Amino acid sequence: MKKIVILISVLFVPLLLIAQQPSTTIKVSARAVHIDDSPEFRAIVSLSNAYTSLPADMTTLDVLKSQYKKALEEKGISLSDLKENPNDFGYETMAYGKEGTLYEYRTKSIEKIKEFLQVKSLGMQVTSYVSIFTIDDKEAEKLSQQALASAKARALIIAKTMGKELGDIQEVEDLNNRWGEEVETHLYHDTPAAQYVYMLNVVFTVK
């Protein structure tokens, strides 16, 4: 009886060792690029005498506002198109210890935002300029398909190099958390406006 138990144990141990060995997988990062076709553009500017050495009576906030209003009108933009202190708090949050104010400008016209960003006036500084858009379910589905296709293409090459056959998807990690929410992307000279990069990590089994 002892011999039978020992024999069974000897046969069973290798099977346990094989079962405990981790299966080989391939993990790749994939991406798909979304460029929104109907974004809104937003820019925020500050007005303050914090950056000038001119006499204080020449750079009061009222004077700066008057000069800025004129500079806007020269570009065909009305000061009434801007919202002052759009987020309730104003220039005091910038901690420069000077009198000032903030203005927000929004438009869906790329030409208008370009014109706005070209406005120059004493005491004015552009603090931010972004594009704003929302990725809906249909767009998210398309991006997912593109990213998964890209991931599979890369994994196939790696599997071939390993002398293996690519298996099924074992795991997908979604690195995007903005569906249905407003996405803000900064405007840069070297990237398209309203560009968003959708990212996935995908794990494949191999045979």
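The paragraphs below set out a description of the structure included in this document.

Cut-offs used in this document
Residues numbered from 1 in each chain as written. Predicted model: local features only at pLDDT ≥ 70, side-chain atom pairs only at ≥ 80, totals over all residues. Heavy atoms only, no water. Salt bridge = Lys/Arg side-chain N within 4 Å of Asp/Glu carboxyl O. Helix = DSSP H or I, 4+ residues; strand = E, 2+ residues; numbered from the N terminus. Buried < 20%, exposed > 50% of the residue type's maximum accessible area, 1.4 Å probe, protein only. Contact = heavy atoms within 4.5 Å. Polar contact = N/O pair within 3.5 Å; in protein donor to acceptor, adjacent residues only side chain to side chain. 1 Å grid on protein atoms, 1.4 Å probe; cavity = no way out; pocket = protein on both sides within 12 Å on 5 of 7 lines; lining within 4 Å. Points joined across faces, edges and corners; volume = space filled by probe spheres on them. Nonpolar A, V, L, I, M, F, W, Y, C, P; charged D, E, K, R; others polar. Pairing = 2+ DSSP bridges. Axes fitted to C-alpha atoms, helices over the stretch in contact; angles between N-to-C directions.

Glancing now at the pattern of salt bridges. Taken as a whole, this structure holds five salt bridges when the rule is applied. With a shortest N-O distance of 3.0 Å, Glu 84 and Lys 65 are connected by a salt bridge. Placement of Glu 84 in strand 3 (residues 83-84) and of Lys 65 in helix 2 (residues 61-74) is noted, with a sequence separation of 19 residues between them. Note on Lys 65: relative accessible area 23%, which makes it partly exposed. One salt bridge in this structure joins Glu 104 and Arg 106, with 3.5 Å as the shortest N-O distance. Using a relative accessible area of 33% as the deciding quantity, one classes Arg 106 as partly exposed. If you follow the salt bridges from partner to partner, you end up with Glu 40, Glu 104 and Arg 106 in one network.

What follows deals with the environment of Ser 131. If you trace the backbone, Ser 131 turns up in strand 5 (residues 124-134). Remark: the alpha-carbon pair of Ser 131 and Asp 36, spanning 95 residues in sequence, is separated by 9.4 Å. Excluding residues that lie within four positions of it along the chain, Ser 131 makes contacts with Pro 39, Glu 40, Phe 41, Val 183, Glu 184, Thr 185, Leu 187, Ala 193 and Ala 194. Of note is the side chain of Ser 131, whose polar atom sits 3.2 Å from the backbone nitrogen of Ala 194.

Here we take up the layout of surface pockets. Taken as a whole, the largest pocket holds about 180 Å³ of empty space. Lining the largest pocket are Phe 41, Ile 110, Ile 113, Lys 114, Leu 117, Tyr 129, Leu 187, Tyr 188, His 189, Thr 191, Pro 192 and Ala 193. For the lining of the largest pocket, the leading source of residues is helix 3 (residues 110-117), giving four residues. Here the lining of the largest pocket is built from residues that sort into nine nonpolar, two polar and one charged.

Once that is clear, we can look at unusual backbone geometry. One non-glycine residue, Asn 85, adopts positive backbone phi at about 45°. The residue Asn 85 is located in the loop between strand 3 and strand 4 (100-107) in this model. We note that Asp 88 has phi near 75°; this positive angle belongs to a residue other than glycine. Within the element layout of this structure, Asp 88 appears in the loop between strand 3 and strand 4.

Spatial strand order, 1-8-6: three strands in an open sheet with antiparallel pairing. Here the strands that pair on one side only, and so sit at the sheet edges, are strand 1 (25-35) and strand 6 (166-174). Adjacent strand axes in the sheet meet at a mean angle of 30° when their direction is disregarded. Docked against the sheet, helix 4 (residues 137-162) engages strand 1, strand 6 and strand 8 (195-206), running at close to 145° with respect to strand 1.

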